[in-house]
Amino acid sequence: MVDFGEINLSKKSFINYKQFNENLYQKVISASSALKNKKIVHINSTENGGGVAELLISQVALERNLGLDSHWYVIHPPKEFFVITKKIHNLLQGEDSTLDDVEQNYYLEKSKKVGDELDYFLNKEKVDLVITHDPQPLLIGCCNLLPRVPKILRLHIDLTNPNQETLFFLKPFIEVFDKVIVSRDDFRFPWLKLDKVKTIMPAIDPLAAKNLQITDDEAWEILSRFGVRRKMPLISQISRFDKWKDPIGVIEAFKAAKEEIDNLQLVLLGLIESVDDPEAKAQVNSVLKAAKDIPDILIFYDENQLKGIANDNFVRALQTASDVILQKSLKEGFGLTVSEAMWKGKAVIGGNVGGIKMQIKNGEDGFLVDSIKETASKIVELINNKAFREIIGRRAQKTVASKFLMPRYLLDNLEVYNKVLKIKNENFN
Ligand code: UDP
């Protein structure tokens, strides 16, 4: 069995992104010129269901269009491997637990096996740069991979308060990388030298299907097929069902807000798609239980519930039709859903954590909350004041236009590629 596979991507043309910022467009073109035909290999653990996959779909396709020979490989280890890597993910996001010896050894052994296979495969061709995304393939991307090839570790998760024991276990492997990219300055591990770390904030693709503009009528045409009612105020959260996204906190806040706004409705959308998230099913069950006796909540967790509507079109309809969008995370590396909703001119209420704090300026282009009570009172305030939420939404859209669109993300990444390749060449010459 092959333990990894390459993802085929649809084509994207970077020229179409000139409309968003011509200056940035030119900078991306010039940053890509020294990277023409360089073979860049991205490795992650899932081709759909989450922000990393969402980013790679656009990033890799656009890198290719810019002349880089970029490829995206997904690892296919056994299910048990993902049970351990989900634990590592949770520990790095601050969970108080431990990774025992058996788990550590399994993670090491399996990573070595997949890494050997990938090595063997990639060794047949010349690879210029490897970029490993997140802890799942962390060891795969560093134990073996072509020792002389420059390597970047891209960590997308919230590293505000990582479990120190787990970090100590991973430290020697992290140190092998030439560069570590994180989403916030304060996610840097203190033992990593400043010049080894780069902060790059993620971004959304304004030309991805889910972010294209549609009218309210088009959005409602879709949602009304599912029992969402146009005459009732609508709030939503679009997120994998994961404890860090706090869907149960959202339900609690909804319940409290509904005491004041009788006809309020809530949609939770989190299709179970990621193979690397073994906890999702149990989370869905807890969410269904928490919502059981509360009226006007719709929960979508299985794509069969969407009656043939593509996920991206459903996300776009929901983000367009909602009056207020929540992302009440307790930990968040970035939270693409926040920028997606802001780009659609929505007032977003986000958890006052990690990457969300970079996207929302509290009270100006959205709101940051620390509790269920605060979330509920913000929902009530915004639902009762359409003019106010529209002002916030217009500012939110401007924020995303200036800071959180794909061309800026590409530029930041291309600059790191150039730097890492330059340093590596100098060292070897
Ligand atoms: N998403 C989706 N369908 C869903 C739930 C989420 O398409 O049912 C998308 C969402 O629109 C966003 C991504 O998955 O593009 C989630 O990225 P984010 O950074 O918000 O969170 P992550 O899942 O990476 O923690």
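In this text, all values refer to a predicted model and were calculated from it rather than measured experimentally.

**Side note on the packing of helix α3 (residues 79–92) against helix α4 (residues 101–123)**
Between α3 and α4, the least distance of the axes is 10 Å, while the angle of their chain directions is 120 degrees. In terms of crossing hand, the pair formed by α3 and α4 is left-handed. On the side of α3, the interface is formed by E80, F81, I84, T85, K87 and I88, while α4 contributes E103, Y106, Y107, K110 and S111. Looking at the contact of α3 with α4 residue by residue, the classes come out as 5 nonpolar, 2 polar and 4 charged.

**Points about the packing of helix α7 (residues 216–223) against helix α10 (residues 311–321)**
Following both chains from N to C, one finds α7 and α10 inclined at 120 degrees, their axes separated by 8 Å at the closest point. By the criterion of interaxial angle, the relationship of α7 to α10 is oblique. The way α7 lies across α10 gives a crossing that is left-handed. Contact with α7, carried on its side by D216, A219, W220, I222 and L223, involves N313, F314, A317, L318, T320 and A321 of α10 and no other residues of that element. Here the contact of α7 with α10 is composed, by residue class, of 8 nonpolar, 2 polar and 1 charged.

**Quick look at the sheet that holds strand β9 (residues 265–269)**
Across the sheet, which stays open at both edges, the 6 strands sit in the order β10-β9-β8-β11-β12-β13 with parallel pairing between neighbours. Only two strands of the sheet have a single neighbouring strand rather than two, namely β10 (297–300) and β13 (367–369). When strand polarity is set aside, the average angle formed by the axes of neighbouring strands in this sheet is 20 degrees. Two strands pair when backbone bridges link them, and strand β8 (residues 234–238) and β9 are joined in this way by 5 bridges, in the parallel orientation. Bridging across to β9, S236 finds its partner in V267. Relative to the sheet, α10 contacts β8, β9, β10 and β11 (324–327), its axis offset from that of β8 by approximately 140 degrees.

**Re the sheet that holds strand β5 (residues 151–154)**
With respect to topology, 7 strands assemble into an open sheet ordered β1-β3-β2-β4-β5-β6-β7, the strand pairing being mixed. For this open sheet the edge positions go to β1 (4–6) and β7 (197–199), each flanked by a neighbour on one side alone. Taken pair by pair, the neighbouring strands of this sheet meet at an average axis angle of 25 degrees, ignoring direction. Across 4 bridges, the pairing between strand β2 (residues 39–44) and strand β4 (residues 129–133) is parallel. Across the sheet, the residue bridging to V41 is V130, located in β4. Of the strands in this sheet, β2, β3 (69–75) and β4 touch helix α2 (residues 51–65), which is tilted by about 155 degrees from β3.

**Some thoughts on helix α8 (residues 247–258)**
Between its terminal C-alpha atoms α8 stretches 16 Å, which fits the 16 Å expected from 12 residues at 1.5 Å a residue. All of the buried residues along α8 are P247, G249, V250, I251, A253, F254, A257 and K258. Where α8 is buried, its residues meet β8, β9, α9 (280–291), β10, β11 and α13 (372–383).

**Observations concerning the side chain of K344**
Relative to the assigned elements, K344 resides in the loop between α11 (336–343) and β12 (347–351). Despite its burial, K344 pairs with no opposite charge, the nearest such side chain being E340 at 5.4 Å.

**Focus: the nonpolar core**
Core analysis: the biggest nonpolar cluster contains 45 residues, and F14, L129, I152, L414 and Y417 have the highest contact counts within it. For this core, the secondary-structure elements that each account for two or more residues are α1 (22–33), α2, β4, α11, α12 (356–359), α14 (386–403) and α15 (406–428). Ranked by residues supplied to this core, first place goes to α15 with 9 residues. Among residues more than four places away in sequence, those in contact with Y417 are L35, I40, H42, Q59, E63, L68, L129, I131 and I152. Within the second largest apolar cluster, 40 residues are counted, among which are I75, L92, L99 and V130.

Reading the values: rules and limits
Residues numbered from 1 in each chain as written. Predicted model: local features only at pLDDT ≥ 70, side-chain atom pairs only at ≥ 80, totals over all residues. Heavy atoms only, no water. Axes fitted to C-alpha atoms, helices over the stretch in contact; angles between N-to-C directions. Helix = DSSP H or I, 4+ residues; strand = E, 2+ residues; numbered from the N terminus. Left-handed = near helix turned anticlockwise from the far one by under 90°. Contact = heavy atoms within 4.5 Å. Nonpolar A, V, L, I, M, F, W, Y, C, P; charged D, E, K, R; others polar. Parallel < 35°, antiparallel > 145°, perpendicular 65-115°, else oblique. Pairing = 2+ DSSP bridges. Expected span 1.5 Å × (residues − 1). Buried < 20%, exposed > 50% of the residue type's maximum accessible area, 1.4 Å probe, protein only. Lys, Arg positive; Asp, Glu negative; His and termini not counted. Salt bridge = Lys/Arg side-chain N within 4 Å of Asp/Glu carboxyl O. Core = buried A, V, L, I, M, F, W, Y, C linked by side-chain atoms within 4.5 Å.

Any link to function would need more than the numbers given here.
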